[in-house]
Amino acid sequence: MARRGRRLWRVASIAELFIHELTRGIGDTDIRAGIIKVATGAHGVSAYERTVLEAAAIASRETGAPITTHTDDGRFGDEQQLILTDAGVPAHRIIIGHSCGTSDHAYHMRILERGSYLGFDRFGVLVVQDDEVRVKSLLALLAAGKESQLVVSHDSVWCWRGEPIPDTHDPGVAAMFSIWTPTHFFERIIPKLKAGGATDVQITRLLEENPRRFFAE
Ligand SMILES: [Zn+2]
């Protein structure tokens, strides 16, 4: 009983932090977050990760903020989805992120059938997945008619604060950094999608309609 009490207290205090950052501001600033991000690792959802997911669900329900997730190797996103929806978050308010880390079409479809979005959001991060695999998996989902539940990105930023990213002298890492930029999707991925049969309407869904709907509803 004591353990359960401690766990509930932990969930509530993390939820309180999320809600503070969403409604008042991050730290002592008045800059408010617009989305909640939660994460799990490659070996299953740990007890601590579950605690944070449940806290995110409370914060999302209370504020209406949507949730995006981190998965490792595109695994356990289906479990994240169940934990969040069991805790009352509507499936369409959830992006299961980094889903391009796997080419498992059945896994992708399972999550989509339950109503969430898939984030194909690491284009250019070649150390964890080849972009060709990401493009192929995305084309398979477009062919399956799932164009309204997919969002795309790079997991990249313009400015790295603090420690520089390690070892850009390594030719492999340097090659990755030359393309891992926030314009990579426009410059190199759209042409590949079109060559694979994606239509302009589908590309517009990915880039405009889906993110707009996700943040608005
Ligand atoms: Zn992440």
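Refer to the preceding data block for the structure.
A brief structural summary. (Residues numbered from 1 in each chain as written. Predicted model: local features only at pLDDT ≥ 70, side-chain atom pairs only at ≥ 80, totals over all residues. Heavy atoms only, no water.)

Some thoughts on the packing of helix α7 (residues 184-195) against helix α8 (residues 200-216)
The angle between the axes and the distance between the axes are what describe a pair of packed helices. Taken N-terminus to C-terminus, the directions of α7 and α8 make an angle of 140°; their axes are 11 Å apart at the nearest point. In terms of their interaxial angle, α7 and α8 are classed as oblique. Note on packing geometry: the crossing formed by α7 with α8 is right-handed. The residues of α8 that touch α7, namely those facing F185, F186, I190, L193 and K194, are D200, I203, L206 and L207. Its residues assigned to classes, the contact of α7 with α8 comprises seven nonpolar, no polar and two charged. (Axes fitted to C-alpha atoms, helices over the stretch in contact; angles between N-to-C directions. Helix = DSSP H or I, 4+ residues; strand = E, 2+ residues; numbered from the N terminus. Parallel < 35°, antiparallel > 145°, perpendicular 65-115°, else oblique. Left-handed = near helix turned anticlockwise from the far one by under 90°. Contact = heavy atoms within 4.5 Å. Nonpolar A, V, L, I, M, F, W, Y, C, P; charged D, E, K, R; others polar.)

Thoughts on the coordination of the zinc ion
Protein coordination of the zinc ion is provided by K37 (NZ), H70 (ND1) and H98 (NE2), with donor distances spanning 2.1 to 2.4 Å. Linear spacing of the donor residues for the zinc ion on their chain is K-x32-H-x27-H. On the criterion of sequence distance, the pair formed by K37 in strand β1 (residues 36-39) and H70 in strand β2 (residues 67-70) is long-range, its members being 33 residues apart. With relative accessibility at 44%, the residue K37 sits in the partly exposed group. What makes H70 buried here is its relative accessible area of 17%. (Donors = N, O, S within 2.8 Å, 3.2 Å for Na, K, Ca; no water. Buried < 20%, exposed > 50% of the residue type's maximum accessible area, 1.4 Å probe, protein only.)

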